[in-house]
Amino acid sequence: MIGDDQLRDLAPLISMVWLFDILPRMLEPATIPTLHNADGEEVVFHRVRFPFARGTTQALVAERLDTVPALQRETAHFWNWLGTKPTPGKKGTGRMAWGVTMEDGTPVLGNLELKGRALNLSVTSAERAERGVALITQTLGDMVGAPLTEIETVEQAMAARQEGRTSSEPAPDIPVEVATPLVHGMLDRQYRTLLNESVPMLGDKTPRQCARSKAGRDQLAVWLKHLENLSGRQLDPDDPMATYDFAWMWQELGIEELRR
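This is a predicted model, so every value here is computed, not measured.

*Asks:* Before we move on, could you go through the pattern of salt bridges and cite the residues and values that matter?
*Replies:* As enumerated under the stated definition, the model contains nine salt bridges in all. For K214, the salt bridge identified is with D218, shortest N-O distance 3.3 Å. Of this pair, K214 and D218 both sit in helix α7 (residues 214-231), four residues apart, roughly one helical turn. Given a relative accessible area of 35%, D218 falls into the partly exposed group. A salt bridge links R259 to E228; the nearest nitrogen and oxygen atoms lie 2.7 Å apart. Of the two residues, R259 sits in the segment after α8 (247-252) while E228 sits in helix α7, which places them 31 residues apart along the sequence. Judged by its relative accessible area of 37%, R259 is partly exposed. What you see here is one network of salt bridges that share partners, running through R47, E150 and E152.

Procedures and definitions
As a convention, each chain's residues are numbered from 1 in the sequence order in which they are written. Predicted model: local features are reported for residues with pLDDT of at least 70 only, side-chain atom pairs are reported and counted for 80 or more only, and whole-chain, interface and lining totals are derived from all residues. Side-chain figures throughout are based on the complete set of non-hydrogen atoms in the structure, without hydrogens or water. The working definition used for a salt bridge is a side-chain nitrogen of Lys or Arg within 4 Å of a carboxyl oxygen of Asp or Glu. Only DSSP runs of H or I reaching four residues or more are called helices, and only runs of E reaching two or more are called strands; each is numbered from the N terminus. Three labels apply to residues, based on accessible area from a 1.4 Å probe with only protein chains included: buried if under 20% of the type maximum, exposed if over 50%, partly exposed otherwise in between.

Right, dumping it as structure tokens:
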């Protein structure tokens, strides 16, 4: 059985794999657009630490967090902060959007983790950080001290990961049979959303728009082959990125005959 520490390791793997592996593949070389989350807010990573006040324990904090409907406990020390499931058919903002969702499409606004004598909040925008701080302060009151915030831009985060372990690598000690379905499921959701988003490599058209013309379908074939080739370049053939199957995208766009 996978333990709590392994589940915590999987959280950043799932949330970052699209941003640091897929994003560069769908863009023109050396292009980094302004990213926005599902709420239309610019992506800037915020990590907020709430130190425990004297007499506060992890058990007391966990008990209080479990009373908040928006917080879904995943392990003994880890919660997902959930938003409202979007209305079916709701149109996007037209911006380059990135986010993490649950299996049913409910957006994950952030994560909470108990570590040592502190509660840590991780979110992807200044606005969510402000809302999260308000939520935790209201919930825990004087059980925690003043929050301390660390901020990291997308460019800084990508540079840091290029210097160390890449986000497409499974977290240490995570069995491939555990990481693979989670990563593949996340990629399915992100790519399905991408079919309706503009892609610079496709002349800023959406994949579905390109599928309507012969020239567009030829562009799609080049783009999809590019994605497949890059995924196949993983050093480990069992890496979740290496084993991802793009066949459904060819079928969805009606260009299976161009997959040679």
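And the narrative resumes.
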